[in-house]
Amino acid sequence: QVQLAESGGGLVQAGGSLRLSCAASGRTFASNCMGWFRQAPGKEREFVSAMMSDGITDSADSVKGRFTISRDNAKNTVYLQMNSLKPEDTAVYYCAASGLAFRLGYYQYEYDYWGQGTQVTVSS
C-alpha cells in the first residue's frame with residue numbers, strides 16, 4: 001500500500017522558516033515527478049512546487065525565491081524548504097506523487113498519490 005506522510009508543519013511568525021518533509025512508502029518514486037500543493041481556507045488547492053528525478057524544478061510565482069523543493073531518492077523523501085514566510089502562505093500543504101517521469105506536473109489530476117496534509121500557519 002502506497003503512503004505519503006508529511007511532517008514539519010506548524011505555527012511560525014511572518015519572516016520565519018519551516019521545512020516540510022514527505023516520506024513515501026510502499027513503492028519507490030525515484031523516477032517520478034513529486035510535487036507540493038496547498039489549500040487555504042475557502043480556496044481551491046493550488047500548485048506550489050514540483051521536481052523531476054533529474055533535478056528539474058518549478059514553483060508557483062507566489063513562492064519563487066522563497067520556497068525550495070528537493071528530494072532524497074535514497075530515502076524516498078521530498079522536502080519543501082519555506083523561507084520568508086508570509087501570512088498568505090497559511091494553508092494545509094500536501095505532497096503528491098505523479099506517474100510523470102519526463103515532465104513536471106502542475107495539475108492535481110496529474111498526481112496519483114497524496115499525503116494527508118500538514119498545517120502551516122503564519123502569523124503576522
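Description of the structure in this document.

Each value, and the rule that gives it
Residues numbered from 1 in each chain as written. Predicted model: local features only at pLDDT ≥ 70, side-chain atom pairs only at ≥ 80, totals over all residues. Heavy atoms only, no water. Pairing = 2+ DSSP bridges. Helix = DSSP H or I, 4+ residues; strand = E, 2+ residues; numbered from the N terminus. Axes fitted to C-alpha atoms, helices over the stretch in contact; angles between N-to-C directions. Phe/Tyr/Trp six-rings, centres within 6.5 Å; stacked < 30°, edge-to-face > 60°. Lys NZ or Arg CZ within 6 Å of the ring centre and 35° of its normal.

### Brief notes about the sheet that holds strand S8 (residues 77-82)
Then, in step 1: Within the open sheet, the four strands sit side by side as S1-S3-S8-S7. Their pairing is antiparallel. Two strands lie at the open edges of the sheet, namely strand S1 (3-7) and strand S7 (67-72), each paired on one side alone. In this sheet, neighbouring strand axes are inclined to one another by 15° on average, regardless of whether the strands run parallel or antiparallel.
Then, in step 2: Of the strand pairs in this sheet, S7 and S8 are connected by six bridges, and their pairing is antiparallel. Across the sheet, Ile 69 pairs through a bridge with Leu 80, a residue of S8.

### A closer look at the packing of aromatic side chains
Then, in step 1: Summed over the entire model, instances satisfying the criterion amount to seven aromatic pairs.
Then, in step 2: Put simply, the rings of Phe 37, Phe 47, Tyr 106, Tyr 111 and Trp 114 touch in pairs and so form one group of aromatic residues.
Then, in step 3: Over the ring of Tyr 79 we find Arg 19; its NZ or CZ atom is 4.0 Å from the centre of that ring.
Then, in step 4: A cation sits over an aromatic face here: Arg 45 above Tyr 94, 3.7 Å from the ring centre.

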